[in-house]
Amino acid sequence: MPERQVLVQEGAKKRDRVLAPDIGTAWRWIGWFGLVLAVVGLADFALAWYPMNWGSPEWEFGTVTASYSGLPLPTMGLLALIASAVARGMRWQIVVLAVGLLGFALLLYVGFAVFLTTVPMALGAVEGVPQLGIKKAIVKTTVLALAFPGSYVVAGWLALRHVRRAGR
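The following refers to the structure shown.

**Description of the packing of aromatic side chains**
For the coordinates displayed, the defined rule picks out 10 aromatic pairs. The interplanar angle of 45 degrees and the centroid separation of 6.4 Å between the aromatic rings of F45 and W49 together place this pair among those described as tilted. Its relative accessible area of 12% is what places F45 among the buried residues. On the basis of relative accessibility, which here comes to 16%, the residue W49 falls in the buried class. Considering the side-chain rings of Y68 and F112, the 6.4 Å spacing of their centres and the 75 degrees angle between planes classify their relative orientation as edge-to-face. Of this pair, Y68 sits in helix α2 (residues 57–69) while F112 sits in helix α4 (residues 91–125), placing them 44 residues apart in sequence. We classify Y68 as buried; its relative accessible area is 1%. By relative accessible area, F112 is classed as buried at 14%.

**Overview of the layout of surface pockets**
Its volume calculated, the largest pocket comes out at about 200 Å³. Lining the largest pocket, in full, are R28, G31, W32, L35, L81, S84, A85, R88, W92, Q93, V96 and L97. Counting residues per element, the ones that place at least two in the lining of the largest pocket are α1 (23–48), α3 (72–88) and α4. Looking at the lining of the largest pocket residue by residue, the class counts come to 7 nonpolar, 3 polar and 2 charged. Considering the residues around the second largest pocket, the lining is formed by 13 residues, among which F45, W49, W54, L107 and G111 are closest to the centre. Sorting the residues of the lining of the second largest pocket by element identifies α1, α2 and α4 as the ones contributing at least two each. Looking at which element gives the most residues to the lining of the second largest pocket, the answer is α4, with 5 residues.

**A few points about the packing of α2 against α4**
For any two helices packed against each other, the geometry is given by the interaxial angle and the distance between the axes. Where α2 contacts α4, the axes come no closer than 8 Å and their chain directions differ by 130 degrees. The orientation of α2 with respect to α4, classified from their angle, is oblique. Where α2 crosses over α4, the two elements pack in a sense that is left-handed. Taken together, the residues of α4 that come into contact with α2 (itself represented by P57, E58, E60, F61, V64, T65 and Y68) are L108, Y109, G111, F112, V114, F115, T118, M121 and A122. For the contact of α2 with α4, the residue count by class is 11 nonpolar, 3 polar and 2 charged.

**Re α1**
Three or four residues apart is the spacing at which side chains of an α-helix point the same way, because the helix has 3.6 residues per turn. With 26 residues, α1 ought to run about 38 Å at 1.5 Å a step, and its terminal C-alpha atoms sit 37 Å apart, in line with that. Along α1, the residues classified as buried are T25, G31, G34, L37, A38, G41 and F45. If you follow the buried residues of α1, they end up packed against α2, α3 and α4.

**What to know about the nonpolar core**
Most often, soluble globular proteins keep nonpolar side chains buried together rather than apart. Judged by nonpolar contacts, the single largest core of 33 residues is most densely connected at F61, Y68, L71, F104, L108, F115 and Y152. Elements with a minimum of two residues in this core: α1, α2, α3, α4 and α5 (129–166). When residues in this core are grouped by element, the largest group, 11 residues, is from α4. With sequence-adjacent residues up to four places away left out, F115 is seen in contact with F61, V64, T65, A137, I138 and T141.

Thresholds, definitions, all that
Residues numbered from 1 in each chain as written. Predicted model: local features only at pLDDT ≥ 70, side-chain atom pairs only at ≥ 80, totals over all residues. Heavy atoms only, no water. Phe/Tyr/Trp six-rings, centres within 6.5 Å; stacked < 30°, edge-to-face > 60°. Buried < 20%, exposed > 50% of the residue type's maximum accessible area, 1.4 Å probe, protein only. Helix = DSSP H or I, 4+ residues; strand = E, 2+ residues; numbered from the N terminus. 1 Å grid on protein atoms, 1.4 Å probe; cavity = no way out; pocket = protein on both sides within 12 Å on 5 of 7 lines; lining within 4 Å. Points joined across faces, edges and corners; volume = space filled by probe spheres on them. Nonpolar A, V, L, I, M, F, W, Y, C, P; charged D, E, K, R; others polar. Axes fitted to C-alpha atoms, helices over the stretch in contact; angles between N-to-C directions. Parallel < 35°, antiparallel > 145°, perpendicular 65-115°, else oblique. Left-handed = near helix turned anticlockwise from the far one by under 90°. Contact = heavy atoms within 4.5 Å. Expected span 1.5 Å × (residues − 1). Core = buried A, V, L, I, M, F, W, Y, C linked by side-chain atoms within 4.5 Å.

Next up, the structure:
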């Protein structure tokens, strides 16, 4: 008995043909979408810092906490941009993005250092149930501060290493 094919449409029309893959176009689209995500995410990041109110522990605590909480969007955008640049062999884009990632990581580490100076004040400002929210914000910001800037350093370093090795 001949095997019968299941879930196969017989007599498929010519308009249902599969297109030839276009990897270059796909990576350009990923790059453009990454640019949109990065711009929107970094604009949100910048707006969290405006207007600046250095010296106010409440502002410093809240701003750094909000900044770290908003990092997933620009992170996806920046890494889509750098992946697109690597896939398309765009040396200058890889270098600019890698240096940008390293600089952003440094900025985030400085922000986290400022945040750590506000933690005792934040813990002492409230008691009881509201203190649980402060403790959660501290833990979340600390976890994000360990994950994101470290990832940026690794991605930037790997990108620069890729450029150096590819240039040989």
